[in-house]
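# Examining the three-dimensional arrangement
Given next are the chains, with one letter for each unit.
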Amino acid sequence: MEGQGIPAEVPAPPGYPLLGALPKVLKDPLAVLCQTARDYGDVVCLGGVGAQKFYLVTHPDDIERVWKTHHRNYVRGSNFELLRPLGGHGLFLSEGDAWRTQRRLLQPAFHVTRLMGMVETINASIAAMVDRWQRQIRPGEPFDVEHEMMDLMIEVAAKTLFGTNLAGH
């Protein structure tokens, strides 16, 4: 059922005993997750051990349910501790009171009026990137879109959050 929460019987792609599709996800995350969503729907069990399961949730209503409306019903689980060396104790890895405190601190930065003030800067950065692509990228030649998107994100963040241009650095 689209947008209705996690169904009783969650589909799962074929995978390894206990681990499910997780090794495939680690090998090529974007391709595997996109294909899994296309093949199995809005909520998919990717595998896990015991009660510790990993789910792919892609429908906007379900994402809102998990991350906003009913966030108290969902926990990130002990495996998120494995991400602490990379992500620290930021909003994505925090829970409970720590999460609420961080969310309240960040919320004003994402208010619609503040975001609308960033649209011109974001659009200009995207237009410059597309222009550069049209000049530099040859049809049929591969290029690193992940690197390009990361550069775009850093450029937009630097301009909108810090008022500085990092071009060429």
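Each chain carries its own residue numbering, running from 1 in the written order of its sequence. It should be noted that, the model being predicted, local features are given only for residues of pLDDT at least 70 and side-chain atom pairs only at 80 or more, the latter also being counted only at that level, while totals for whole chains, interfaces and linings use all residues. Hydrogens and waters are ignored; side-chain quantities use all the structure's heavy atoms.

Another aspect to go through is the nonpolar core. Residues belong to one nonpolar core when they are buried, are Ala, Val, Leu, Ile, Met, Phe, Trp, Tyr or Cys, and are joined through side-chain atoms within 4.5 Å. Per-residue accessibility, obtained with a 1.4 Å probe over protein chains only, is compared with the maximum for each type, and a residue is labelled buried under 20%, exposed over 50%, and partly exposed between these values. Among the nonpolar cores identified, the biggest contains 6 residues, and these are Leu 22, Val 25, Val 32, Val 44, Leu 46 and Leu 56. What makes two residues a contact is simply this: any of their non-hydrogen atoms within 4.5 Å. In this structure Val 32 touches Lys 24 and Val 25, once residues within four positions along its chain are discounted.

Let's shift gears to the packing of helix 7 (residues 119-136) against helix 8 (residues 145-162). Structural elements are reduced to axes, namely lines fitted to C-alpha atoms, with helices fitted over the stretch in contact, and the angle between N-to-C directions of any two is expressed from 0 to 180 degrees. For helices the rule is a DSSP run of H or I covering at least 4 residues; for strands it is a run of E covering at least 2, with both sets numbered from the N terminus onward. Relative orientation of the contacting elements helix 7 and helix 8 amounts to 145°, with a least axis distance of 10 Å. Viewed along their axes, helix 7 and helix 8 form a crossing whose handedness is right-handed. Between helix 7 and helix 8, the contacting residues are Thr 121, Ile 122, Ser 125, Ile 126, Met 129, Arg 132 and Trp 133 on the first element and Val 145, Glu 148, Met 149, Leu 152, Glu 155, Val 156, Lys 159 and Thr 160 on the second. The sense of a crossing depends on the near helix, which, turned anticlockwise from the far helix by less than a right angle, makes the crossing left-handed and, turned clockwise, makes it right-handed.

What follows is about the pattern of salt bridges. We define a salt bridge as a side-chain nitrogen of Lys or Arg found within 4 Å of a carboxyl oxygen belonging to Asp or Glu. Tallied over the full model, the rule gives 4 salt bridges. Between Asp 97 and Arg 100 there is a salt bridge, and its shortest N-O distance comes to 3.0 Å. With Asp 97 and Arg 100 both in helix 5 (residues 96-106), this residue pair falls 3 residues apart, about one helical turn. For Asp 97, a relative accessible area of 58% corresponds to the exposed category. Between Arg 135 and Asp 131 there is a salt bridge; the shortest N-O distance is 3.2 Å. With a gap of 4 residues between them, Arg 135 and Asp 131 both fall in helix 7, about one helical turn apart. Its relative accessible area of 37% is what places Asp 131 among the partly exposed residues.

Before going further, it helps to examine the pairing of strand 2 (residues 52-57). Bridge count between strand 1 (residues 43-49) and strand 2: 6 bridges; the pairing is antiparallel. When the bridges of strand 2 are listed, Cys 45 appears paired with Tyr 55. Here strand 1 hands over to strand 2 after 2 residues, with Gly 50 in that stretch at a positive phi of 60°. At least two DSSP bridges between two strands are required for those strands to pair.

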